[in-house]
Amino acid sequence: MLRRKRNTVVNSPTTQVKESLKDKKANVPLGSKRKSKKAEEERLKKLVLGGDGDVLQTLEEVSKKVEDESHSKKKRLPPKKKVPVWNDDDDVRGSVQITKERRYDLIRRGGESKIKTDQYTSRLKTEFEKVSAAPNWAKLPSEKVQSSDDDSDVDDLLQKTGNYLVTSSSLPKGLIDLKQCTDANKEQPSESKLKSVEFHPTAQVILTAGMNYTLSLFQVDGKLNPKIQSVFLDGFPIHSAHFSSDGLEVIMGSRFKNFQYYDMMAGKIVNVPKIKGLEEKMMKKFRVSPDGRFIVFLGKNGGMHLLSAKSKEWIHTLSMNGEVKDIAFSKDGQRMYSHGVEGDVYIWDLDRRDCIHRFYDEGCTKGTSIALSPNGQYLACGSYSGVVNIYDTQTILSSRSPTPVKAIMNLTTPCTHALFNCSSEILAISSFYAEKAVKLVHVPSMTVFSNFPERKVDSLRIPTCMDFSLNSGYFSIGTHRGSALLYRVQHYENRDLNASELQGQTTENVEQMLDLHTMNSNLSTPIYTDVPSITTFSYSFQFSIIKFAFMLSTPKS
């Protein structure tokens, strides 16, 4: 009788699931198959895959386990030591002879005269690292130190390209960058020494005047410097000449009781006769106030005569002890400073026309010149000994014997001229008692520029006058030979003037001037003149006036 083989069933998870399904099906009531089917699927899904929270938890556990394993592996593995790609046997073998030369002082130990090559190399490396440590880029990653915020900023800069060098706007000390240009009056040099050189207050024009009875105007371009016009004054040697504050007139003084001015709008020379009430024999030295109110003539016995700049009438006379040698104005024209032979400096209020303070110039036996910086910070006082004292204007008002900030002693003869530039960074001082006696002082550091004047240049002999242009782009020196030397100050770039500033001042006057001169048929003589002996010469007077009118609206350096 044959026996049936028993089928041995392995209790696997799938068989268990099937058995449980059979049991469930037996217990399911009728009419609830759909509901039980969905519930059963959800239960199976949860049994096999797990719930939502279980999945996330499992993923977190697995990732954490992987990170721990990788971290432990890194800790166990020693850092790889980098080895040189190539070694030179000569760096190890051999020896180096140590002599008594200076270059071996830091390497020599005691009295040794010979060391091995590897010792020599290591000692050189040690001495080098004492002076300059290894840069961060040359270090291995394990040797690098975490950089601070400043170092990270440096790294960012090193990873970019661009121009990181910014030119300073302030004038550097030590050496001044000057370029000698064509003489300002090369087209018509003076036959005698120049007494006045001055730049126009608004146009790119310079005037020259001297003992040859001639006033000349030149356009300044640094190359040709063409002549605009020349005016000859018969029997009237010009000792001083200055533009008016508006630039429409040129006032001229001489050794006579009268003075004259040239009206550029009307194109005529006007003579101002002797002023009644003034016992002056000469009206040769004067200054024009920057606000355009006064012309101040320096008289005898300390007298300073205030004349109206418009009407040329005498207004008032201020007096100081001793002979007055020079005066200077504040930028707004409210105050005036005077320096005389007794060494005292007087400060005047021109509104009250009274002296508000007086102090003694330290060590001065005889005052010769004075200058006030445009920013009103410094006052320079020149003396007969050549010493130029520079004072702080805040201290001189509170003391009768103030101490100068600096005493410039680079001149050995009397300082006859002192002048600040527009930015108050340069003080020019000169003396016509010696050759090449011109010095430029760097005011912020109170030091003298060492490269001016040049010794080899023979064109500068005896300076008689000097002036800076409006924006200090040019510097001119008049000499006893009649030439007006012109220098380009490279630090100060050409700066354009605002056209609207000039439009209201010059446009209407220029139109009137052109209307007057277009009616003139004889181009070699002026239309109006109050002095019959004066003649004006030019190749084309009308063309010169038109050219000058154009210059009034051009920018100046």
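Conventions and cut-offs
Residues numbered from 1 in each chain as written. Predicted model: local features only at pLDDT ≥ 70, side-chain atom pairs only at ≥ 80, totals over all residues. Heavy atoms only, no water. Helix = DSSP H or I, 4+ residues; strand = E, 2+ residues; numbered from the N terminus. Buried < 20%, exposed > 50% of the residue type's maximum accessible area, 1.4 Å probe, protein only. Phe/Tyr/Trp six-rings, centres within 6.5 Å; stacked < 30°, edge-to-face > 60°. Pairing = 2+ DSSP bridges. Axes fitted to C-alpha atoms, helices over the stretch in contact; angles between N-to-C directions. Salt bridge = Lys/Arg side-chain N within 4 Å of Asp/Glu carboxyl O. pLDDT = per-residue confidence, 0-100. Contact = heavy atoms within 4.5 Å. Patch = residues over 30% accessible without salt bridge, like charges linked within 9 Å, V, L, I, M, F, W, Y side chains within 5 Å. Areas by Shrake-Rupley, 256 points an atom, 1.4 Å probe, with all protein chains shown as cover. Lys, Arg positive; Asp, Glu negative; His and termini not counted. Charge placed at Lys NZ, Arg CZ, Asp CG, Glu CD. Polar contact = N/O pair within 3.5 Å; in protein donor to acceptor, adjacent residues only side chain to side chain. Expected span 1.5 Å × (residues − 1). Arc of directions from axis to C-beta.

1. Observations regarding unusual backbone geometry
Consideration 1: Residue Pro453 is reached from Phe452 by a cis peptide bond, and omega for that bond is -5°.
Consideration 2: Relative to the assigned elements, Pro453 resides in the loop between β27 (447-448) and β28 (463-468).
Consideration 3: Phi angles above zero are rare outside glycine, and Tyr213 is one such case at about 65°.
Consideration 4: Its relative accessible area of 30% is what places Tyr213 among the partly exposed residues.

2. Points about the packing of aromatic side chains
Consideration 1: Applying the stated criterion across every chain, the model contains 11 aromatic pairs.
Consideration 2: Ring plane angle 40° and centroid distance 5.1 Å describe the contact between Phe286 and Phe297, whose orientation is recorded as tilted. One end of the pair, Phe286, is in strand β12 (residues 286-288); the other, Phe297, is in strand β13 (residues 294-298), and 11 residues separate them in sequence. Neither Phe286 nor Phe297 differs from the other in exposure class; each is buried.
Consideration 3: The interplanar angle of 90° and the centroid separation of 5.3 Å between the aromatic rings of Phe452 and Tyr487 together place this pair among those described as edge-to-face.

3. Details of the sheet that holds strand β30 (residues 484-489)
Consideration 1: Overall, antiparallel pairing links the four strands, which are arranged β3-β30-β29-β28 in an open sheet. With one partner strand each, in any of the chains shown, β3 (178-180) and β28 form the two edges of the open sheet. Sheet twist, expressed as the mean angle between neighbouring strand axes with direction ignored, is 25°.
Consideration 2: For β28 and strand β29 (residues 474-479), the ladder comprises five bridges, and the chain directions are antiparallel. Within the sheet, the bridge partner assigned to Pro463 lies in β29 and is Thr479.

4. What to know about the pattern of salt bridges
Proximity of charged atoms lets side chains of opposite charge pair with each other.
Consideration 1: Overall, the coordinates contain 11 salt bridges when judged by the stated rule.
Consideration 2: Its salt-bridge partner being Arg103, residue Glu101 comes within 3.0 Å of it at the nearest N-O pair.
Consideration 3: Accessibility expressed as a relative area gives 41% for Glu101, which makes it partly exposed.
Consideration 4: In this structure, Lys325 and Glu323 form a salt bridge, with 3.7 Å as the shortest nitrogen-oxygen distance.
Consideration 5: Salt bridges sharing common partners tie together Asp291, Arg293 and Asp351.

5. Considering the confidence of the model for the protein
Consideration 1: Looking at the protein as a whole, its pLDDT mean stands at 81, while 72% of the residues score no less than 70.
Consideration 2: Note that residues 4-10 has pLDDT below 50 and, in this model, one contact with residues that lie over four places away or in other chains.
Consideration 3: Overall, residues 496-543 carries pLDDT values under 50, and its contacts beyond four positions in sequence, including any with other chains, amount to 75 contacts.

6. Details of a positive patch on the surface
Consideration 1: Residues Lys257, Lys274, Lys281 and Lys300 make up a contiguous surface patch of positive charge.
Consideration 2: With respect to the element layout, Lys257 can be found in the loop between β9 (249-253) and β10 (259-263).

7. Here we look at the pairing of β28
Consideration 1: Most of β28 sits out of view: six of its six residues are buried.
Consideration 2: Taking the residues between adjacent antiparallel strands as the criterion, β28 and β29 are bridged by five residues, where Ser472 takes a positive phi near 65°.

8. Regarding the sheet that holds strand β21 (residues 378-383)
Consideration 1: Taken in spatial order, the four strands of this open sheet run β20-β21-β22-β23, and their pairing is antiparallel. At either end of the open sheet lies a strand with only one pairing partner, and these are β20 (367-372) and β23 (406-408). Neighbour to neighbour, the strand axes of the sheet diverge by 20° on average, direction disregarded.
Consideration 2: With five bridges connecting them, β20 and β21 associate as antiparallel partners. The partner of Ala371 across the bridge, within β21, is Ala380.

9. Describing the side chain of Asp326
Consideration 1: Turning to its location among the elements, Asp326 is positioned in strand β16 (residues 324-329).
Consideration 2: The exposure class assigned to Asp326 is buried, which follows from its relative accessible area of 3%.
Consideration 3: A polar side-chain atom of Asp326 sits 3.1 Å from a polar atom in the side chain of Arg287.
Consideration 4: The contacts of Asp326, once residues within four sequence positions are left out, are Lys285, Arg287, Leu298, Tyr337, Ser338, His339, Thr368, Ser369 and Ile370.

10. Quick look at the pairing of strand β26 (residues 438-442)
When a strand is regular, its side chains alternate between the sheet's two faces.
Consideration 1: In terms of burial, β26 is a largely internal element, four of the five residues being buried.
Consideration 2: Where strand β25 (residues 426-430) lies against β26, five bridges are found, and the strand directions are antiparallel. By the bridge assignment, Ala428 is partnered in β26 with Leu440.
Consideration 3: Pairing of β26 with β27 involves two bridges; the strand directions are antiparallel. In the sheet register, Val441 faces β27, and the bridge partner there is Val448.

11. Digging into helix α4 (residues 117-131)
Consideration 1: Helix length check: α4 (15 residues) gives 22 Å between terminal C-alpha atoms against 21 Å at 1.5 Å per residue, within 8%.
Consideration 2: Considered for burial, the residues of α4 that qualify are Thr117, Tyr120, Arg123 and Glu127. For α4, the angular spread of buried residues about the axis comes to 130°, placing them on one side.
Consideration 3: Next to the buried residues of α4 lie β1 (95-97) and β2 (114-116).

12. Digging into the environment of Cys465
Consideration 1: Of note, Cys465 is situated in strand β28.
Consideration 2: Its relative accessible area of 4% is what places Cys465 among the buried residues.
Consideration 3: Considered as a pair, Cys465 and Ser240 are 225 residues apart in the sequence and their alpha carbons are 9.8 Å apart.
Consideration 4: Apart from residues no more than four positions distant in its own chain, Cys465 is found in contact with Leu194, Lys195, Ser196, Val197, His417, Ser476, Ile477 and Gly478.

13. What about the environment of Met466?
Consideration 1: For Met466, the location among the structural elements is in strand β28.
Consideration 2: Distance from Met466 to Leu194, taken between C-alpha atoms, is 10.0 Å for residues 272 residues apart in sequence.
Consideration 3: The residues touching Met466, leaving out its near neighbours within four places in the chain, are Val197, His417, Ala418, Leu419, Ala428, Ile429, Ser430, Phe475, Ser476 and Ile477.

14. A closer look at the side chain of Ser308
Consideration 1: One can find Ser308 in strand β14 (residues 303-308).
Consideration 2: Given the relative accessible area of 15%, Ser308 is considered buried.
Consideration 3: A polar side-chain atom of Ser308 sits 3.2 Å from a polar atom in the side chain of Ser311.
Consideration 4: Setting aside its immediate chain neighbours within four residues, Ser308 contacts Arg293, Glu313 and Ile315.

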